[in-house]
Amino acid sequence: MIKFLDLEKINNRFRKEIDEKIAEVLDKGWYILGNQNEKFTADFADFCGTKHCIGVANGLDALNIIIKAYGFSQGDEIIVPANTYIASILAITQNGCTPVLVEPDIKTYNINPDLIEEKITSKTKAIMVVHLYGQAVPMEKIWELAKKYNLKIIEDSAQAHGAIYQGKRCGNLGDASGFSFYPGKNLGCLGDGGCITTNDDELAAKIKAIRNYGSDYKYHNIYKGVNSRLDEIQAAVLDIKLKYLDKDNSHRRQIAKYYRENIKNPAVILPETYDENAHVWHIFAIRTKERDRLQEYLKENGIETLIHYPIPPHKQDCYKEWNNLSFPLTEEIHNTILSLPISPVMTDEEVEKIIKIINTKME
Ligand SMILES: *Cc1c(COP(=O)(O)O)cnc(C)c1O
């Protein structure tokens, strides 16, 4: 069986280093907001090229806290892709703001920058871009719009650790960015984790307080904050894995290139990228009208695949108020998309087997 993602194999590569670091944290007896957190967030800020990185408990909290720190609330609109994982949208509605959904470019699956301006109103406060499946959103037009209409750019970089657009990493392409370190992400820890990157000193200080009960120093609370911190063990593990992230991402790129050059099945549409460095291939998503049949056929042949995602946010039960809205491209993507295995520990033989099966006619 070729697993969709073999997390045990991924993390076992660093087993010795991880064991030692966890022992170090245990021996120190300091588990939250200590020097592991300081070290990792400084290293991740360096990696992204940003002035600040603040550790939080998960990716959803990261986005949520950014919006809270800007003070956006009831009546404020935030532009966001219709084709995204639901967390992007939840962060907006949890703050009482209104998400304004925009259709994707069907070739890259990312937000179509040409469809944003018509959605801007006097209530628009921010554009949230989502670097979906690991591909940086082309930002040029979005930077122009943000400047023209005085909007903040919030990045959802939860799938794009290390992706580069015009020489800058995701996390450094807007005003503030949320990352997730959920185990399956390109940089994943051994539980939940996340962070926020920004170059804004004032915003960083506010976020640092908000994620820790709104406290600027102990037992002194200046905001109605939350409890959302990256713990020491997760920070220690992430700091180890960060050293290998670029190498892991190159391995993913090689697999993606191999898939794109060798999958030759007329029923399958391959994902496109506009620049090799822009994509870290968190997910390799193909499209086909025969999606369910192809998934079953791959399963019968020992290949595990997943669907990212089967139901778009506006069709979810929790957003009943939007169920009648129509986003044809987003819906088309959700109905036809299928994610093939891709990871830093996949072997050439596994990749070749998958290509061979896909290229063989289904019976
Ligand atoms: C994973 C993910 C999140 C949320 O991250 P968690 O750590 O699971 O809260 C947000 N946005 C996108 C696009 C994601 O893929």
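Residues numbered from 1 in each chain as written. Predicted model: local features only at pLDDT ≥ 70, side-chain atom pairs only at ≥ 80, totals over all residues. Heavy atoms only, no water.

Trainee: Describe the packing of aromatic side chains, and please don't skip the residues or the numbers.
Mentor: Applying the stated rule across the entire model yields 14 aromatic pairs. Plain terms: the ring middles of Y259 and F284 are 4.8 Å apart, the flat faces sit at 45° to each other, and that makes the pair tilted. One end of the pair, Y259, is in helix α9 (residues 245-262); the other, F284, is in strand β12 (residues 284-287), and 25 residues separate them in sequence. Sitting over the ring of F47, R169 keeps its end group 3.9 Å from the ring centre. (Phe/Tyr/Trp six-rings, centres within 6.5 Å; stacked < 30°, edge-to-face > 60°. Helix = DSSP H or I, 4+ residues; strand = E, 2+ residues; numbered from the N terminus. Lys NZ or Arg CZ within 6 Å of the ring centre and 35° of its normal.)

Trainee: Hey, could you go over the packing of helix α4 (residues 59-70) against helix α5 (residues 86-94) for me, with residue numbers and the actual values?
Mentor: One way to put it is that α4 packs onto α5 with a least axis distance of 9 Å and a crossing angle of 35°. Note that α4 runs across α5; the crossing there is right-handed. Only A87, S88, L90, A91, I92 and Q94 of α5 make contact with α4, whose side of the interface consists of L60, L63, N64 and I67. Considered class by class, the residues forming the contact of α4 with α5 number seven nonpolar, three polar and no charged. (Axes fitted to C-alpha atoms, helices over the stretch in contact; angles between N-to-C directions. Left-handed = near helix turned anticlockwise from the far one by under 90°. Contact = heavy atoms within 4.5 Å. Nonpolar A, V, L, I, M, F, W, Y, C, P; charged D, E, K, R; others polar.)

Trainee: Could you give me a rundown of the environment of N172, with the residues and numbers involved?
Mentor: With respect to the helices and strands, N172 occurs in the loop between β7 (168-169) and β8 (176-180). Exposure remark for N172: the relative accessible area of 11% places this residue in the buried category. When the C-alpha atoms of N172 and N199 are compared, they prove to be 7.8 Å apart, with 27 residues separating the residues in sequence. In contact with N172, not counting residues within four places along its chain, are C48, G49, T50, E155 and N199. A polar side-chain atom of N172 sits 2.9 Å from a polar atom in the side chain of N199. (Buried < 20%, exposed > 50% of the residue type's maximum accessible area, 1.4 Å probe, protein only. Polar contact = N/O pair within 3.5 Å; in protein donor to acceptor, adjacent residues only side chain to side chain.)

Trainee: I'd love a proper account of empty space enclosed by the protein, names of residues and values included.
Mentor: Applying the stated criterion across every chain yields a total of two cavities of 30 Å³ or more. By volume, the largest cavity is sized at about 100 Å³. Looking at the largest cavity, it is lined by 16 residues, and the ones nearest its centre are I10, K185, N186, K241 and D248. Elements supplying a minimum of two residues to the lining of the largest cavity: α1 (7-12) and α9. Tallying contributions element by element places α9 first for the lining of the largest cavity, with three residues. Classifying every residue of the lining of the largest cavity by side-chain character gives eight nonpolar, three polar and five charged. The computed volume of the second largest cavity comes to approximately 40 Å³. Contributing to the lining of the second largest cavity are T108, Y109, Y133, Q135, P271, E272, H279, I283, F284 and A285. Class assignment for the residues of the lining of the second largest cavity results in six nonpolar, three polar and one charged. (1 Å grid on protein atoms, 1.4 Å probe; cavity = no way out; pocket = protein on both sides within 12 Å on 5 of 7 lines; lining within 4 Å. Points joined across faces, edges and corners; volume = space filled by probe spheres on them.)

Trainee: Account for the layout of surface pockets, with residues named and values stated.
Mentor: Considering only enclosed or pocket space, the largest pocket measures out at about 710 Å³ in volume. Along the walls of the largest pocket sit 35 residues, with Y85, S180, Y182, K185 and Y309 positioned nearest its centre. For the lining of the largest pocket, the secondary structure elements donating two or more residues are α4, α5 and β8. Top element by residues in the lining of the largest pocket is α5. It accounts for four residues. When its residues are assigned to classes, the lining of the largest pocket shows 18 nonpolar, 13 polar and four charged. Estimated volume of the second largest pocket: approximately 420 Å³. Forming the boundary of the second largest pocket are 18 residues, of which L33, N212, S215, K218 and R229 lie nearest the centre. Those elements that provide at least two residues to the lining of the second largest pocket are α3 (35-48), α7 (201-210) and β10 (215-217). Of the residues belonging to the lining of the second largest pocket, the class tally is eight nonpolar, four polar and six charged.

Trainee: Please set out the nonpolar core residue by residue, giving values where relevant.
Mentor: In this structure, I67, I78, M128, I154 and I207 are the most contacted members of the largest nonpolar core, which totals 31 residues. Residue contributions to this core peak at seven residues, all from α4. Contact partners of I67, with chain neighbours within four places excluded, come to F72, I78, A91, I92, N95, C97, M128 and I154. (Core = buried A, V, L, I, M, F, W, Y, C linked by side-chain atoms within 4.5 Å.)

Trainee: Tell me about the packing of helix α2 (residues 15-28) against helix α8 (residues 232-242), and name the residues and values.
Mentor: Following both chains from N to C, one finds α2 and α8 inclined at 150°, their axes separated by 9 Å at the closest point. For α2 against α8, the interelement crossing comes out right-handed. Listed contacts from α8 to E17, I18, K21, I22 and V25 of α2 are E232, I233, A236, V237 and I240. Of the residues that constitute the contact of α2 with α8, the class distribution is seven nonpolar, no polar and three charged.

Trainee: Which residues make up the site of the ligand, and what values do they have?
Mentor: Residues in close proximity to the ligand include N58, G59, L60, Y85, A87, V130, D156, A158, Q159, S180 and K185, which together make up its full environment. Contact between the ligand and L60: an oxygen atom at 2.9 Å from a main-chain N or O atom of the residue. One of the side-chain nitrogen or oxygen atoms of Q159 is found 2.8 Å away from an oxygen atom of the ligand. For the ligand, whose free accessible area comes to 380 Å², the fraction covered by protein is 90%. Its atoms largely coinciding with the cavity grid, the ligand occupies the largest pocket. Of the residues in the shell around the ligand, the class split is five nonpolar, four polar and two charged. (Near = heavy atom within 4 Å. Areas by Shrake-Rupley, 256 points an atom, 1.4 Å probe, with all protein chains shown as cover. Sits in = over half its atoms within 2 Å of the grid points.)

Everything listed here is a matter of coordinates, which is why it stays silent on function.
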